[in-house]
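Residue strings, one per chain:
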Amino acid sequence: MEILDKPHFEELMEEIDRGLKSDNVPIHARQIIGWTRVCQKLELNLPMVGQPIAGVYSGPSLSGHIKDWYDARYGDRLKIDFSIGYIPIAILEDLYLVRLPLVFGAAQIFIDRSPRPTNDQLNKTSRNAARSNIADWIVDLTDHTRTCLSEPSLEEIFRTCITAFEQANYWHSREKKLVEVFTGDLKLSATQAIEGNFGLSRWHSLQAAEKATKAFIRKFGENPPFTHDLNKLTKQAARLGSITFTQKDVSDANCPAGVRYEGDASTQAQALSANEAARRICFVVTSHWDDGLAQEG
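Residues numbered from 1 in each chain as written. Predicted model: local features only at pLDDT ≥ 70, side-chain atom pairs only at ≥ 80, totals over all residues. Heavy atoms only, no water.

(A) Layout of the overall build of the chain. Scanning the chain from terminus to terminus reveals 12 helices and four strands. Dimensions of the chain, computed from C-alpha atoms along their principal axes, come out at roughly 70 × 50 × 45 Å. Across the 297 residues that make up the chain, the buried fraction comes to 42%. In the chain, once contacts between residues fewer than 6 apart in sequence are set aside, the share between residues at least 24 apart is 61%. For the chain, the accessible area works out to roughly 16600 Å², and carbon and sulfur atoms hold 51% of it. Taking the average location of the 34 positive side-chain charges in the chain and that of its 39 negative ones, the two points are 3 Å from each other. (Helix = DSSP H or I, 4+ residues; strand = E, 2+ residues; numbered from the N terminus. Buried < 20%, exposed > 50% of the residue type's maximum accessible area, 1.4 Å probe, protein only. Contact = heavy atoms within 4.5 Å. Areas by Shrake-Rupley, 256 points an atom, 1.4 Å probe, with all protein chains shown as cover. Lys, Arg positive; Asp, Glu negative; His and termini not counted. Charge placed at Lys NZ, Arg CZ, Asp CG, Glu CD.)

(B) Structural detail: the pairing of strand E1 (residues 85-91). For E1, a buried count of six out of seven residues is recorded, marking the element as mostly surrounded by other parts of the structure. Of the strand pairs in this sheet, E1 and strand E2 (residues 94-100) are connected by seven bridges, and their pairing is antiparallel. Residue pairing for E2: Ile-87 is matched across the bridge by Val-98. (Pairing = 2+ DSSP bridges.)

(C) A look at helix H6 (residues 151-172). A rise of 1.5 Å per residue sets the reference length of H6, with its 22 residues, at 32 Å; its end C-alpha atoms lie 31 Å apart and thus fit the reference within 8%. Within the sequence span of H6, burial applies to Leu-154, Ile-157, Cys-161, Ile-162, Ala-164, Phe-165, Gln-167, Ala-168 and Trp-171. (Expected span 1.5 Å × (residues − 1).)

(D) The nonpolar core, seen in detail. Grouped together as the largest cluster of nonpolar side chains are 52 residues, with contacts concentrated most on Leu-100 and Ile-157. Of all elements in the fold, only E1, E2, H6, helix H7 (176-194), helix H8 (198-219), helix H9 (230-240), helix H10 (247-253) and helix H11 (268-287) reach the threshold of two or more residues within this core. Every residue in contact with Ile-157, bar those within four places of it in the chain, is listed here: Ile-89, Ile-91, Ile-111, Ile-134, Ile-138 and Leu-149. Judged by nonpolar contacts, the second largest core, of 21 residues, contains Met-13, Cys-39, Tyr-57 and Tyr-74. (Core = buried A, V, L, I, M, F, W, Y, C linked by side-chain atoms within 4.5 Å.)

(E) Summary view of the environment of Gly-50. Counting through the fold element by element, Gly-50 comes out in the loop between helix H2 (27-42) and helix H3 (59-74). Spatially, the C-alpha atom of Gly-50 lies 44 Å from that of Asp-94, the residues being 44 residues apart in sequence. Excluding residues that lie within four positions of it along the chain, Gly-50 makes contacts with Pro-60, Ser-63 and Gly-64.

(F) Layout of unusual backbone geometry. In this structure, Glu-43 takes a positive phi of about 55° despite not being glycine. One non-glycine residue, Leu-92, lies in the positive phi region at around 50°.

(G) The arrangement of the confidence of the model for the chain in detail. Averaged over all residues, the pLDDT of the chain is 89; the fraction at 70 or higher stands at 93%. Mean pLDDT values for the elements of the chain range from 44 in helix H12 (residues 293-296) up to 97 in H10. Taken together, the stretch residues 293-297 has pLDDT below 50 and engages in four contacts with residues farther than four places along the chain or on a different chain. (pLDDT = per-residue confidence, 0-100.)

(H) Layout of the pattern of salt bridges. Counting across every chain of the model gives 17 salt bridges. Close ionic contact of Lys-214 with Glu-210 constitutes a salt bridge, the shortest N to O distance being 2.8 Å. Here Lys-214 and its partner Glu-210 are both found in helix H8, four residues apart, which amounts to about one turn of the helix. We classify Lys-214 as buried; its relative accessible area is 11%. Through salt bridges with shared partners, a single network forms among Asp-136, Asp-143 and Arg-146. (Salt bridge = Lys/Arg side-chain N within 4 Å of Asp/Glu carboxyl O.)

(I) Representation of the side chain of His-65. Topologically, His-65 is positioned in helix H3. In contact with His-65, other than residues within four places in its own chain, are Phe-9, Pro-52, Ile-53, Ala-54, Val-56 and Tyr-57.

(J) How the structure looks around the environment of Ser-61. If you trace the backbone, Ser-61 turns up in helix H3. Judged by its relative accessible area of 4%, Ser-61 is buried. Not counting residues up to four positions away in its chain, the partners in contact with Ser-61 are Gln-51, Pro-52, Ile-53 and Val-56.

(K) Focus on the side chain of His-204. Here His-204 shows up in helix H8. On the basis of relative accessibility, which here comes to 15%, the residue His-204 falls in the buried class. Beyond its immediate stretch of four places on either side in the chain, His-204 contacts Asp-185, Leu-188, Ser-189 and Gln-192.

(L) Up close: a nonpolar patch on the surface. Where nonpolar side chains cluster on the molecular surface, the patch consists of Ile-32, Met-48 and Val-49 and spans about 340 Å² of accessible area. As for its placement among the helices and strands, Val-49 is situated in the loop between H2 and H3. (Patch = residues over 30% accessible without salt bridge, like charges linked within 9 Å, V, L, I, M, F, W, Y side chains within 5 Å.)

(M) Structural detail: the packing of aromatic side chains. Under the defined criterion, the tally for this structure stands at seven aromatic pairs. Seen from their ring centres, Phe-216 and Phe-220 are 4.9 Å apart, and the 45° between their planes marks the pair as tilted. One exposure class covers both Phe-216 and Phe-220, and it is buried. Following the ring pairs from residue to residue traces out a cluster consisting of Trp-69, Tyr-70 and Tyr-74. A cation sits over an aromatic face here: Arg-131 above Phe-110, 4.3 Å from the ring centre. In this structure, Arg-260 is placed above the aromatic ring of Trp-203, and the distance from its NZ or CZ to the ring centre is 3.9 Å. (Phe/Tyr/Trp six-rings, centres within 6.5 Å; stacked < 30°, edge-to-face > 60°. Lys NZ or Arg CZ within 6 Å of the ring centre and 35° of its normal.)

Given below as structure tokens:
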């Protein structure tokens, strides 16, 4: 089979992409898998990269056209997010989203007011340990805003982010099925807070803490009650294993189910406290997860 012209190429790519959708291939993986399926369908051995040439749909040029087609169709949705977690943080009384990065090996983590690095600077290789400025973890924190941050503000941002980073690193080293129970709700708690949906943010914080605690209860062979009340759930978990939760964390993460429908009734401070408390509860659960191994028999 040979691609004759642009309409023929477009028809082929639509067919390939429909097949990827049918097979539930996530968007970020479609560019590579789509290229593979074009090669299979046309029975070609193509290089993965190439420069597209107008009207030429063979060899490296075809690979370039495939890449450009997916770039045009999906844009930034093709990018893979390697973050290990997300938190909301207040800076100069406004909320920002923090993406906690995946770090391999040793890294020097610090914070200062230096401008966000360019892509060339980020891609520069070095024999030294990687350096990571926490200010660069904060989405849309402009260079101007960085210069406005006081030393106490920088110190508080550092403490908040490094604590969240250590928590996320720890629970991602634990059992994957457990982590998947609550990380989705923690992400939603953070993103909803940034969007000003403080009630929904609190609800997802509660859901993260609730799901983690219920998983712990089941780990010990009991069924948790059908309730959203963290007071009852954490007391049952504490009775079953050597696990303790602070009353403040339970109180801050707890909320009535109706909070998600109450519009602006919740505050920014409540959303931040709930997210922080939920993360601590999830950390306590993961750190005591293996306590239940002997109970599984």
